[in-house]
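Structural overview
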Amino acid sequence: MGVDPRQILAGILTVTMFVMLANMIKRDHFDSVKTPAAANIRLDENPGVEQSLAKFPGGVTTGPWQDDVWQELKPCWTKPDLGNAEKSTGFVSFSLTNGPEYHVSQIADAVVVARYLGATLVIPDIRGSKRGDKRDFEEIYDVEKFIKSLEGVVRVTKDQPSGLSAQNMAVVRVPNRVTEEHVEEYIAPIYRTKGNVRLATYFPSMNMKETGKSKADSVACTAMFGTLELQPEVREVVDSMVERLRTLSRKSDGHFVAVDLRVDILEKKGCLGGDGTKTCYGPDEISSFLQKIGFDKDATVYLTQTVWHGSLDSLKESFPKTYIKENIMPADKKPKFLESESSEFAKVIDFYICSESDVFVPAISGLFYANVAGKRIATGKNQILVPATISEASASATDFISSYITKKNHLAYSCFC
């Protein structure tokens with residue numbers, strides 16, 4: 001009896017997801033930095049490097065609510081065009097998996113590969129963590145704007161050609177932030193033989209630190225920061241929730257804090273890495289951190305946790321204006337965006353609220369933190385405070401600005417200047 005190629009593809013995607021989870025558990029931690037008021041601080045992923053602390057120009061210190069007074073960045077890449085780029089008759093297909101923090105990178109890798117091969121990019125579907133959890137691209141993202149943003153960069157088609165199936169698609173594993181050299185050595189030979197390829201991105205690292213420029217930078221920058229926009233209904237839900245949070249934050253001039261804190265992840269992951277470093281922070285630790293850097297009880301706090309968990313009660317006692325999605329989402333939108341079996345909408349909403357909040361606190365290290373940071377850098381929202389265990393009674397919030405910002409070592413800084 002023959003083996004269904006679709007089963008092979010499903011197996012590869014499943015293995016890829018487990019590999020990514022293993023990477024998150026083994027490699028994710030915050031870089032270390034020593035300050036007089038803190039111990040065991042972790043920022044990003046480089047424990048041996050001395051960290052420079054963020055100080056605002058002109059000595060601006062207005063407590064934890066800092067205005068974004070850093071110089072506004074603008075795109076410093078030129079959108080590429082097809083020009084003399086190689087053209088072929090084949091197709092590159094792929095799926096978006098594991099949530100919006102992965103989607104950004106998966107899009108960039110697929111565009112870089114398709115561009116180099118001269119192939120036509122097939123609009124991806126979106127797959128959740130559960131078997132059969134599958135959505136069309138346009139259910140979450142604006143497909144017309146996606147296609148328009150890539151005009152002249154790569155050819156794009158909405159539908160996979162009818163003659164193209166699992167039987168004649170070669171599945172290729174692609175490392176995140178793929179280079180042209182990798183495409184030429186490992187992917188191009190398969191593409192030339194098979195005529196089409198299907199990509200499965202894996203993540204050797206869960207941070208977005210700049211590792212050096214390549215010829216693909218302008219293509220990757222366009223794909224990462226110029227292609228994905230929410231479709232109108234999802235955008236409306238995010239906007240209404242952000243507006244609700246600002247309305248609830250009158251005593252802090254409409255400012256609110258978004259904290260990526262998901263109890264299920266904390267329970268699965270554990271907060272100590274293999275080398276004893278801190279990889280995440282629980283509700284009590286986040287409560288203490290926020291209080292010690294100056295947030296008072298009137299601060300509005302948004303958590304990415306979907307369903308309220310008893311462990312969050314102590315955090316709400318310290319900050320009564322602590323909310324999750326079900327508290328602030330319009331009632332008529334909950335059946336579709338919150339109460340469905342799929343978690344994709346919830347993940348997307350969290351990603352964009354964390355990207356647009358006045359302050360972002362990543363209680364969990366990993367790609368969510370890294371790609372939210374990238375989106376915030378691109379829009380001038382630099383208030384990313386990485387939590388720590390603070391030994392003294394109080395500390396300055398500026399001492400905990402993410403090293404992605406203070407050291408400007410995020411990949412986004414190769415795209416914005």
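Please read all numbers here as calculations on a predicted model, not as lab measurements.

This paragraph deals with the packing of aromatic side chains. One pass over the full model with this rule turns up 11 aromatic pairs. Seen from their ring centres, Phe-225 and Phe-416 are 5.1 Å apart, and the 85° between their planes marks the pair as edge-to-face. In this pair, Phe-225 sits in helix 5 (residues 217–225) while Phe-416 sits in the segment after helix 14 (403–406), placing the two residues 191 residues apart along the sequence. Look at Phe-416 and you get buried, because its relative accessible area is 6%. Considering the side-chain rings of Tyr-369 and Tyr-404, the 5.2 Å spacing of their centres and the 55° angle between planes classify their relative orientation as tilted.

Geometry of a packed helix pair, given as the angle between the helix axes and the separation of the axes. Between helix 2 (residues 100–117) and helix 13 (residues 367–378), the shortest axis-to-axis distance is 8 Å and the interhelical angle comes to 65°. By the angle between their axes, helix 2 is roughly perpendicular relative to helix 13. Of the two elements, helix 2 crosses helix 13, and the hand of that crossing is left-handed. Contacts between helix 2 and helix 13 pair Glu-101, Tyr-102, Val-104 and Ser-105 from the former with Leu-367, Phe-368 and Asn-371 from the latter. Considering only residue class, the contact of helix 2 with helix 13 consists of four nonpolar, two polar and one charged.

Strands sit in the order 12-11-10-13 across an open sheet of four strands; the sheet is parallel. The two strands at the open ends of the sheet, each matched to only one other strand, are strand 12 (322–323) and strand 13 (359–362). Relative to strand 11 (residues 300–303), strand 10 (residues 256–260) runs parallel, the two being bridged by four bridges. By the bridge assignment, Val-259 is partnered in strand 11 with Leu-303.

Another aspect to go through is the nonpolar core. Counting residues in hydrophobic clusters, the biggest one holds 118 residues, and the most contacted among them are Leu-117, Leu-121, Tyr-141 and Phe-295. Counting residues per element, this core draws most heavily on helix 2, at 10 residues.

Our focus in this paragraph is the environment of Ala-412. For Ala-412, the location among the structural elements is in the segment after helix 14. Overall, Ala-412 belongs to the buried group, its relative accessible area being 0%. Sequence spacing of Ala-412 and Lys-209 is 203 residues, and the spatial spacing of their C-alpha atoms is 8.6 Å. Excluding its chain neighbours within four sequence positions, the residues that come into contact with Ala-412 are Phe-225, Gly-374 and Ile-377.

Residue placement: Pro-387 occurs in the loop between helix 13 and helix 14. For the pair Pro-387 and Ile-293, spaced 94 residues apart in sequence, the C-alpha to C-alpha distance is 9.8 Å.

By the secondary structure assignment, Asp-125 is in strand 5 (residues 125–127). Not counting residues within four places of it along the chain, the set of residues in contact with Asp-125 comprises Phe-94, Ser-95, Leu-96, Lys-134, Arg-135 and Arg-198.

With that settled, the discussion passes to the environment of Gln-305. Looking at the secondary structure, you find Gln-305 in the loop between strand 11 and helix 9 (313–318). What makes Gln-305 buried here is its relative accessible area of 9%. Spatially, the C-alpha atom of Gln-305 lies 9.1 Å from that of Val-259, the residues being 46 residues apart in sequence. For Gln-305, the contacting residues outside a window of four places in its chain are Leu-261, Arg-262, Val-263, Asp-264, Leu-312, Ile-324 and Lys-325. Engagement of the side chain of Gln-305 in a polar contact is seen with the backbone oxygen of Val-307, the distance being 2.7 Å.

Before going further, it helps to spend a moment on the pattern of salt bridges. Inspection of the entire model under this criterion finds 16 salt bridges. The partner of Lys-145 in a salt bridge is Glu-229, with the nearest N and O atoms 3.3 Å apart. In this pair, Lys-145 is assigned in helix 3 (residues 143–149) and Glu-229 in the loop between helix 5 and helix 6 (232–247), connecting sequence segments 84 residues apart. Across the pair Glu-344 and Lys-347 runs a salt bridge, and its minimum N-O distance is 3.7 Å. One end of the pair, Glu-344, and the other, Lys-347, are both in helix 12 (residues 344–356), three residues apart, so they sit about a helical turn from each other. Since its relative accessible area comes to 0%, Glu-344 is described here as buried. Its relative accessible area of 24% is what places Lys-347 among the partly exposed residues.

Another point: the pairing of strand 11. Along strand 11, one buried face is formed by Thr-300 and Tyr-302 and the opposite face, lined by Val-301 and Leu-303, is buried too. Handedness of the crossover joining strand 11 and strand 12 through helix 9: right-handed.

Looking now at the confidence of the model for the chain. Here the chain averages 82 in pLDDT, while 80% of its residues score no lower than 70. Least confident of the elements in the chain is strand 1 (residues 32–35), whose mean pLDDT is 40; most confident is strand 12, at 98. Below a pLDDT of 50 lies the segment residues 12–28, which in the model reaches 32 contacts outside its immediate sequence neighbourhood of four places, other chains included. The model gives residues 32–62 a pLDDT under 50, and that stretch makes 91 contacts with residues more than four places away or in other chains.

The rules behind the values
Residues numbered from 1 in each chain as written. Predicted model: local features only at pLDDT ≥ 70, side-chain atom pairs only at ≥ 80, totals over all residues. Heavy atoms only, no water. Phe/Tyr/Trp six-rings, centres within 6.5 Å; stacked < 30°, edge-to-face > 60°. Helix = DSSP H or I, 4+ residues; strand = E, 2+ residues; numbered from the N terminus. Buried < 20%, exposed > 50% of the residue type's maximum accessible area, 1.4 Å probe, protein only. Axes fitted to C-alpha atoms, helices over the stretch in contact; angles between N-to-C directions. Parallel < 35°, antiparallel > 145°, perpendicular 65-115°, else oblique. Left-handed = near helix turned anticlockwise from the far one by under 90°. Contact = heavy atoms within 4.5 Å. Nonpolar A, V, L, I, M, F, W, Y, C, P; charged D, E, K, R; others polar. Pairing = 2+ DSSP bridges. Core = buried A, V, L, I, M, F, W, Y, C linked by side-chain atoms within 4.5 Å. Polar contact = N/O pair within 3.5 Å; in protein donor to acceptor, adjacent residues only side chain to side chain. Salt bridge = Lys/Arg side-chain N within 4 Å of Asp/Glu carboxyl O. Right-handed = clockwise from strand over helix to strand, strands pointing away. pLDDT = per-residue confidence, 0-100.

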